[in-house]
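Structural characterization, general
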Amino acid sequence: MAGMSAAAVFAMTSSSSSLKMASRNPLSAFRPRNPFRYNPLSLRGHNPRRWSPVRGTLLEDNEMKVKVDNSFRSKSIVFDKDGKENGDGDSLSSSPSASESWTIKVEQSINIFLTDTVIKILNALYHDRDYARFFVLETIARVPYFSFMSVLHMYESFGWWRRADYLKVHFAESWNEMHHLLVMEELGGNEWWFDRFLAQHIAVFYYFMTVFMYIISPRMAYHLMECVEHHAYTTYDKFLKDQGDELKRLPAPEVAVKYYTGDDLYLFDEFQTSRPPESRRPKIENLYDVFVNIREDEAEHCKTMKICQTHGNLRSPHSYGSEDEPECIPAEADCEGIVDCIRKSVNSPQKQGKR
């Protein structure tokens, strides 16, 4: 998410047929009057609401304590049948060296600058068009998970290492973000040609940027996505507080009902790495419930992105409790990403012994 330029959007008045449809659709009363309506995956209208800017920042220790912080499991933790932790987990990270701490600080500073810059641009373009803003955000938000999987597939093709759990979790995350996007499309967030053009072109640029970043430093790529997901959480949380009463009077889109209450929720459980499978079963009675669950999804993504910044700690929620590790999966590499491999090569005991 970087390098967006502001553009002007010209809205045209809708035809008389659009006004007739508004009387039949409870969501269409808020539909923008624009002839460029385009919705290939859903058919419902658009509900623009008043929006207040939300500034993206680095997660602090006192923010989102219940939702985001202090909720990660290392790969040695196992859940029992009641969903409780069984056994003592390894520490997620050891104390970083001075050079590593400096590197982490630089990476996070760059990520925060990129995130805040993009947020300011979005605030200027979409300060009073909520669903269009959400459509742009969700189009972009799922791109890094494709990037992660692309690089992991490349590593596997080269025979460097295999990350089955990483591939499973990242695919489940992209599947979840795709359904967020489908909800925004059904609410009419993609009706304007400009919004589609902006979101799709940013997504292409963001894909290659994230691929490059993930190859150089997965930790930096995961932290950037943590910033993005944290912003998404606060965005939806603010929207619920401002528009909650009105959202409770509107029906839930069908795509959201099917995703959150369907029979097959394996992938829904898979991306929530901080909780055991089947521990979260949402209820969807109105549009307010939909946005509550989207907000909770973003918190779960944020947790996963934070734990991914510690090498080798991510495991599929469905892998906890397995008695045997798959024999066909070779051991993980000692390092990941070019920066990490170079650092460990320079600081290895063999190198230090020759000095």
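Residues numbered from 1 in each chain as written. Predicted model: local features only at pLDDT ≥ 70, side-chain atom pairs only at ≥ 80, totals over all residues. Heavy atoms only, no water.

Taken from the UniProt record, the annotation "transmembrane region" (unreviewed entry) applies to residues 197-216. Counted over residues 197-216, helix gives 100% and strand 0%. Its end C-alpha atoms are 29 Å apart. (UniProt positions renumbered as here; feature names shortened; annotations may be inferred. Helix = DSSP H or I, 4+ residues; strand = E, 2+ residues; numbered from the N terminus.)

The residue Asn293 is located in helix H10 (residues 287-308) in this model. A polar atom in the side chain of Asn293 sits 2.8 Å from the backbone oxygen of Asp289. Setting aside residues no more than four positions away along its own chain, Asn293 makes contact with Tyr260, Arg280, Pro282, Lys283 and Ile284. (Polar contact = N/O pair within 3.5 Å; in protein donor to acceptor, adjacent residues only side chain to side chain. Contact = heavy atoms within 4.5 Å.)

Another point: helix H4 (residues 143-158). Along its 16 residues, H4 runs 23 Å from first to last C-alpha, staying within 8% of the 22 Å computed at 1.5 Å per residue. Positioned one or two residues after H4, Gly159 has a phi angle of 75 degrees, which is positive. (Expected span 1.5 Å × (residues − 1).)

Here we take up empty space enclosed by the protein. Where empty space is left can be seen by rolling a probe of water-molecule size over the atoms. Per the stated rule, a full pass over the model turns up one cavity of 30 Å³ or more. Within this model, the largest cavity holds a volume of roughly 80 Å³. Counting residues per element, the ones that place at least two in the lining of the largest cavity are helix H3 (130-141) and helix H7 (218-247). No other element matches the five residues that H7 contributes to the lining of the largest cavity. Considering only residue class, the lining of the largest cavity consists of seven nonpolar, one polar and two charged. (1 Å grid on protein atoms, 1.4 Å probe; cavity = no way out; pocket = protein on both sides within 12 Å on 5 of 7 lines; lining within 4 Å. Points joined across faces, edges and corners; volume = space filled by probe spheres on them. Nonpolar A, V, L, I, M, F, W, Y, C, P; charged D, E, K, R; others polar.)

With that out of the way, let us pick up the packing of aromatic side chains. Following the criterion strictly, the structure yields 19 aromatic pairs and no others. Taken together, a centroid distance of 5.1 Å and an interplanar angle of 80 degrees make the contact between Phe134 and Phe239 edge-to-face. Here the residue Phe134 occupies a position in helix H3, and Phe239 occupies one in helix H7, the gap between them amounting to 105 residues. Residue Phe239 is classed as buried on the basis of its relative accessible area of 0%. Each residue in the set Tyr131, Phe134, Tyr236, Phe239 and Phe291 is aromatic and connected to the rest through ring pairs, giving one cluster. The residue whose ring lies beneath Arg129 is Trp192, and the NZ or CZ to ring-centre distance is 3.7 Å. If you follow Lys248 out to its NZ or CZ, it ends over the ring of Tyr288, 4.8 Å from the centre. (Phe/Tyr/Trp six-rings, centres within 6.5 Å; stacked < 30°, edge-to-face > 60°. Buried < 20%, exposed > 50% of the residue type's maximum accessible area, 1.4 Å probe, protein only. Lys NZ or Arg CZ within 6 Å of the ring centre and 35° of its normal.)

Right, let's get into H3. Helix length check: H3, at twelve residues, gives a terminal C-alpha distance of 16 Å against a target of 16 Å (1.5 Å per residue), a fit within 8%. In terms of burial, H3 is largely enclosed, as twelve of its twelve residues are buried. Taken together, the buried residues of H3 touch helix H2 (98-125), H4, helix H5 (164-186), helix H6 (193-216), H7 and H10.

Another aspect to go through is the environment of Asp264. Relative to the elements of secondary structure, Asp264 occurs in the loop between helix H8 (254-261) and helix H9 (266-270). A distance of 3.3 Å separates a polar side-chain atom of Asp264 from the backbone nitrogen of Tyr266.

Right, let's get into the packing of H3 against H6. At a minimum axis separation of 9 Å, H3 and H6 run at an interaxial angle of 20 degrees. Judged by the inter-axis angle, H3 sits roughly parallel to H6. The chirality of how H3 crosses H6 is right-handed. Counting all contacts with H3, which are made through Ala132, Phe135, Val136, Thr139 and Ile140, the residues of H6 involved are Asp195, Arg196, Ala199, Gln200, Ile202, Ala203 and Tyr206. When the residues that make up the contact of H3 with H6 are grouped by side-chain class, the tally is eight nonpolar, two polar and two charged. (Axes fitted to C-alpha atoms, helices over the stretch in contact; angles between N-to-C directions. Parallel < 35°, antiparallel > 145°, perpendicular 65-115°, else oblique. Left-handed = near helix turned anticlockwise from the far one by under 90°.)

Let's shift gears to the state of the cysteines. Throughout the structure, instances matching the rule amount to zero disulfides. For the unlinked cysteine Cys302, the closest cysteine sulfur is that of Cys227, found at 8.2 Å. (Disulfide = S-S within 2.5 Å.)

Note on placement: Tyr131 falls in helix H3. Judged by its relative accessible area of 0%, Tyr131 falls in the buried class. Distance in space between the C-alpha atoms of Tyr131 and Glu186 is 9.9 Å, their sequence separation being 55 residues.

Of note, the phi angle at Glu278 is positive, near 70 degrees, even though the residue is not glycine. Relative to the helices and strands, Glu278 resides in the loop between H9 and H10. Accessibility expressed as a relative area gives 60% for Glu278, which makes it exposed.

A few words now on the pattern of salt bridges. Tallied over the full model, the rule gives 13 salt bridges. Between Arg219 and Glu107 there is a salt bridge, with the nearest N and O atoms lying 3.1 Å from each other. Of this pair, Arg219 sits in helix H7 while Glu107 sits in helix H2, and the two are 112 residues apart along the sequence. A residue is classified by how much of its surface remains accessible, and Arg219, at 18% relative accessible area, is buried. Relative accessible area serves as the criterion here: at 7%, Glu107 is assigned to the buried category. The shortest N-O distance in the salt bridge between Arg281 and Asp269 comes to 2.9 Å. One end of the pair, Arg281, is in the loop between H9 and H10; the other, Asp269, is in helix H9, and twelve residues separate them in sequence. The exposure class assigned to Asp269 is buried, which follows from its relative accessible area of 5%. (Salt bridge = Lys/Arg side-chain N within 4 Å of Asp/Glu carboxyl O.)

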